[in-house]
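Residues per chain, in single letters:
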Amino acid sequence: MRILIVEDDQTTQQFLQRALSEQGYQVDVASDGQEGLFLALEHDYQLIVLDRMLPKLDGLTVLSTLRNANKHLPVLILSALDSVDERVKGLREGGDDYLVKPFALAELLVRIEILLQRQRGKAEPSLNKLQVADLSMDLLARRVWRGQQEILLQPKEFKLLRYLMEHAGQVVTRTLLFEAVWNYDFDPQTNVIDVHVARLRKKVELDGHSALLETVRGVGYRMVEK
């Protein structure tokens, strides 16, 4: 899930970026309306968190421009303007939700989750799930099972497992994993991938179940379909 944050207050922007990244989302940021509009038109995001009052282009102008360009992804408006008239104006311009500042992080995360579920629910239900052998993943609920037993994963472990499941049967190099899960260039000296894969393997390869993660020596890993 890729989310765009358009927020000019650096403290709020960094707080949101860190909080959403910790939830496993891939996050891009923009500090003014003009940059935010450019990114939103150039890339495919699943959701935008949009500040109402922005330099260069205000949030409602960004929103109406996106809707006129047939960009119908969910947009959550953040604003210190808390009057009913302002909320109505934001929703009428095409906002899917409106959250007043200051806000509680827990509430923001729930609102984002609901908007994403609503959007993904329009797709075929099968697209919301991954299955490899008896290992299943619910992408909306962010839950994983091995047979009937649920497996609890950290955000990075979930993202790593999702990538491996999406490429089941293929050899995935460490470089690809590093760039897909950690979102920056691979450092050949680091063992962070091997450490995370080892932890993941302990969680998904339960007693009585077949091994699904293979190490391809000198290359990377492969999730086998048994």
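Residues numbered from 1 in each chain as written. Predicted model: local features only at pLDDT ≥ 70, side-chain atom pairs only at ≥ 80, totals over all residues. Heavy atoms only, no water.

A separate point is the UniProt feature "domain: Response regulatory" (unreviewed entry) in the chain. Listed under "domain: Response regulatory" (unreviewed entry) in the UniProt record, and renumbered for this structure, are residues 2–116. Within residues 2–116, the helical portion is 47% and the strand portion 21%, while the C-alpha atoms at the span's ends are 11 Å from each other. (UniProt positions renumbered as here; feature names shortened; annotations may be inferred. Helix = DSSP H or I, 4+ residues; strand = E, 2+ residues; numbered from the N terminus.)

Let us now look at the pattern of salt bridges. Tallying each qualifying case throughout the model produces 19 salt bridges. Salt-bridge contacts for Lys-203 lead to Glu-157; the nearest nitrogen and oxygen are separated by 2.8 Å. Pair noted here: Lys-203 is in helix H8 (residues 192–204) and Glu-157 is in helix H6 (residues 155–166), with a separation of 46 residues, a long-range link. On the accessibility criterion, Lys-203 (27% relative accessible area) is partly exposed. In this structure, a network of salt bridges that share partners links the residues Arg-52, Asp-58, Glu-86 and Lys-89. (Salt bridge = Lys/Arg side-chain N within 4 Å of Asp/Glu carboxyl O. Buried < 20%, exposed > 50% of the residue type's maximum accessible area, 1.4 Å probe, protein only.)

As for its position among the elements, Ser-79 is in strand E4 (residues 75–79). Within the local environment of Ser-79, its side chain forms a polar contact with the backbone nitrogen of Leu-81, the two atoms lying 2.9 Å apart. (Polar contact = N/O pair within 3.5 Å; in protein donor to acceptor, adjacent residues only side chain to side chain.)

This brings us to the sheet that holds strand E11 (residues 213–216). Judged by pairing direction, the sheet is antiparallel, and its three strands sit side by side in the order E10-E12-E11 without closing on themselves. Only two strands of the sheet have a single partner each, and these edge strands are strand E10 (171–173) and E11. Ignoring which end each strand starts from, the neighbouring axes of this sheet average 30° apart. Both E10 and strand E12 (residues 220–223) contribute to a ladder of three bridges, which runs antiparallel. Its bridge partner being in E12, Val-172 is matched across the sheet by Tyr-221. Across the sheet, H6 is in contact with E10, E11 and E12; its angle to E12 comes to roughly 70°. Strands E10 and E12 of the sheet are contacted by helix H7 (residues 174–182), whose axis makes an angle of about 70° with E10. (Pairing = 2+ DSSP bridges. Axes fitted to C-alpha atoms, helices over the stretch in contact; angles between N-to-C directions. Contact = heavy atoms within 4.5 Å.)

Viewed as axis vectors pointing N to C, H6 and H8 meet at an angle of 80°, and their least axial separation amounts to 10 Å. Comparing their axes, H8 and H6 come out roughly perpendicular. On H8, the residues that touch Lys-156, Glu-157, Leu-160, Leu-161 and Leu-164 of H6 are His-196, Val-197, Arg-199, Leu-200, Lys-203 and Val-204. In terms of residue class, the contact of H6 with H8 is made up of six nonpolar, one polar and four charged. (Parallel < 35°, antiparallel > 145°, perpendicular 65-115°, else oblique. Nonpolar A, V, L, I, M, F, W, Y, C, P; charged D, E, K, R; others polar.)

Our focus in this paragraph is the nonpolar core. Counting residues in hydrophobic clusters, the biggest one holds 28 residues, and the most contacted among them are Leu-135, Leu-161, Leu-164 and Met-223. In terms of residues, this core owes the most to one element, H6, which gives six residues. Among all residues touching Leu-161, those that are not within four sequence positions of it are Leu-135, Met-137, Val-144, Leu-153, Leu-200, Val-204 and Met-223. Counting 19 residues, the second-largest nonpolar core is a separate cluster that includes Leu-54, Leu-73, Ile-77 and Tyr-98. (Core = buried A, V, L, I, M, F, W, Y, C linked by side-chain atoms within 4.5 Å.)

In spatial order, the strands read E6-E7-E8-E9; together these four strands make up an open sheet with antiparallel pairing. Every other strand in the sheet has two partners, leaving strand E6 (129–132) and strand E9 (149–151) as the edge strands with one partner each. With direction set aside, neighbouring strand axes in the sheet form an average angle of 25°. Pairing geometry for strand E7 (residues 135–138) and strand E8 (residues 143–146), over four bridges, is antiparallel. Looking across to E8, one finds that Leu-135 is bridged to Arg-146. On the sheet, H6 packs against E6, E7 and E8 and is oriented at approximately 115° with respect to E7.

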